Amino acid sequence: MTPTLTSFTIPSSLTGYSGDQTIQPNKLTAWRIMNINEDGTIEMISANTSNEDIYFYGKTGYKNYIGVLNDIASAYENSTYTIGSRNPGYYGQIQFLNDNSLANSTDQNTQDVASLRNMMPDNNKDIEYWIAFREYTSVPQMLSVYIMESSVCTTYDLVNPSTSYTLYKRVRPIVILKSGLKTSEGNGTSTSHWKLA
């Protein structure tokens with residue numbers, strides 16, 4: 001499945017990074033089945049990570065982290081085949097925080113992490129990509145985010161008592177296929193991918 005968009009821009013006002021960032025969603029065309037839902041829809045994760053790194057900086061990046069990752073995931077949809085999307089790790093957390101909601105922002109989806117350990121990206125087994133988890137520590141105030149690093153989920157600070165950081169990793173979106181789709185060819189193996197009709 002090829003995403004519809006050829007270009008998608010992430011504004012610096014959401015990431016805290018020094019400039020807007022642009023990705024090319026249509027470059028990811030191979031997907032793996034991650035989960036078959038009870039309603040017949042299928043969650044698929046990209047076989048590879050994005051070609052582009054996405055940068056987050058400091059408190060602004062932390063507050064908008066999960067919402068931005070889900071916005072990016074939505075850029076990989078194709079209305080002919082998909083009904084939704086999400087970033088790995090997202091399971092309904094608050095997407096965009098304000099200062100009052102910071103203290104309630106620690107969240108994890110351990111089911112996704114268990115699946116991802118067995119589904120490393122094809123383009124580079126050691127490549128790191130963003131996971132939609134945040135962790136808040138009040139004293140001293142530390143604002144941390146998570147990545148998948150090889151087969152381990154690891155935390156990194158965006159803010160700690162000493163400074164704010166810029167972090168950059170790739171994305172690996174999940175799209176949700178409509179139920180009832182048919183394949184036109186392939187048998188689902190790594191050498192003969194299914195293609196949607």
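For the structure itself, consult the block above.
So, how was this worked out
Residues numbered from 1 in each chain as written. Predicted model: local features only at pLDDT ≥ 70, side-chain atom pairs only at ≥ 80, totals over all residues. Heavy atoms only, no water. Helix = DSSP H or I, 4+ residues; strand = E, 2+ residues; numbered from the N terminus. Rg over C-alpha atoms; globule rule 2.2 N^0.38 Å. Buried < 20%, exposed > 50% of the residue type's maximum accessible area, 1.4 Å probe, protein only. Contact = heavy atoms within 4.5 Å. Areas by Shrake-Rupley, 256 points an atom, 1.4 Å probe, with all protein chains shown as cover. Pairing = 2+ DSSP bridges. Axes fitted to C-alpha atoms, helices over the stretch in contact; angles between N-to-C directions. Patch = residues over 30% accessible without salt bridge, like charges linked within 9 Å, V, L, I, M, F, W, Y side chains within 5 Å. Salt bridge = Lys/Arg side-chain N within 4 Å of Asp/Glu carboxyl O. Arc of directions from axis to C-beta. Phe/Tyr/Trp six-rings, centres within 6.5 Å; stacked < 30°, edge-to-face > 60°. Lys NZ or Arg CZ within 6 Å of the ring centre and 35° of its normal.

Participant: For this particular structure, what's the right way to read the overall build of the protein?
Facilitator: Tallying secondary structure elements over the protein gives 3 helices and 13 strands in all. A compact globule built from 197 residues would reach a C-alpha radius of gyration of about 16 Å, and the protein, at 17 Å, matches this within 12%. The C-alpha extent of the protein, read off along each of the three principal axes, is 55 × 30 × 30 Å. Within the protein, buried positions represent 44% of all 197 residues. Sequence separation of at least 24 residues holds for 64% of the intrachain contacts in the protein that already meet a minimum separation of 6. Of the roughly 9400 Å² that the protein leaves accessible, carbon and sulfur atoms contribute 46%.

Participant: What am I meant to see in the pairing of strand 9 (residues 152-159) here?
Facilitator: Two faces belong to every sheet, and in a regular strand the side chains alternate between them. With 7 bridges joining them, strand 8 (residues 142-149) and strand 9 adopt antiparallel strand pairing. Within strand 9, the residue paired with serine 144 across the bridge is aspartate 157. The antiparallel hairpin formed by strand 8 and strand 9 contains 2 residues in its connecting segment, where serine 150 sits at a positive phi of about 55°.

Participant: Help me out: how do you make sense of the sheet that holds strand 4 (residues 42-46) in this one?
Facilitator: Adjacent strands of a sheet form backbone hydrogen bonds with each other and so pair up, either parallel or antiparallel. In spatial order, the strands read 3-4-11-6; together these 4 strands make up an open sheet with antiparallel pairing. Looking at which strands have only one partner, the edges of the open sheet turn out to be strand 3 (31-36) and strand 6 (82-86). Between one strand and the next, the sheet's axes are offset by a mean angle of 30°, whatever the strand orientation. Of the pairings in the sheet, the one linking strand 3 to strand 4 comprises 5 bridges and is antiparallel in character. Bridging from a neighbouring strand, isoleucine 36 pairs with isoleucine 42 of strand 4.

Participant: Would you take a moment to explain a nonpolar patch on the surface for this structure?
Facilitator: A cluster of nonpolar side chains, contributed by Ile33, Ile36 and Trp194, occupies part of the molecular surface with about 330 Å² of accessible area. Structurally, isoleucine 33 can be placed in strand 3.

Participant: I tried to follow unusual backbone geometry on my own but got confused; where do I start?
Facilitator: As a rule of thumb, non-glycine residues mostly have phi less than zero, and peptide bonds are mostly trans rather than cis. Along the chain, valine 139 connects to proline 140 via a cis peptide bond; the corresponding omega equals -5°. By the element assignment, proline 140 lies in the loop between strand 7 (128-137) and strand 8.

Participant: Looking at this structure, how should I read helix 3 (residues 110-117)?
Facilitator: Taken together, the buried positions of helix 3 are occupied by Asp112, Val113 and Leu116. Taken end-on, helix 3 shows its buried residues confined to a sector of 100°, consistent with a single buried face. Facing away from the buried surface of helix 3 by more than 90 degrees, the exposed residues are Thr110 and Gln111.

Participant: Would you take a moment to explain the pairing of strand 4 for this structure?
Facilitator: Of all 5 residues that make up strand 4, 4 are buried, and the element is covered over most of its length. Here 4 bridges tie strand 4 to strand 11 (residues 174-177), and the two strands are oriented antiparallel to one another. Each residue of the ladder has a partner; that of isoleucine 45, found in strand 11, is isoleucine 174.

Participant: Can you help me understand the packing of aromatic side chains in this one?
Facilitator: The geometry of an aromatic ring pair is captured by two quantities: the separation of the ring centres and the angle between the planes. The full count for this structure, using the stated rule, is 6 aromatic pairs. With a centroid separation of 5.2 Å and an interplanar angle of 85°, the aromatic rings of phenylalanine 56 and tryptophan 130 are classed as edge-to-face. Linking phenylalanine 56 in strand 5 (residues 53-57) with tryptophan 130 in strand 7, this pair joins segments that are 74 residues apart in sequence. Considered together, phenylalanine 56 and tryptophan 130 belong to a single accessibility category, that of buried residues. Arranged with centres 5.5 Å apart and planes meeting at 80°, the rings of tyrosine 65 and tryptophan 130 form a pair that is edge-to-face. One end of the pair, tyrosine 65, is in helix 2 (residues 58-74); the other, tryptophan 130, is in strand 7, and 65 residues separate them in sequence. According to the relative accessible area criterion, tyrosine 65 is buried, its value standing at 0%. Using a relative accessible area of 0% as the deciding quantity, one classes tryptophan 130 as buried. Among the aromatic residues, ring-to-ring pairing joins Tyr17, Tyr55 and Tyr168 into one connected group. A cation sits over an aromatic face here: lysine 169 above tyrosine 156, 5.2 Å from the ring centre.

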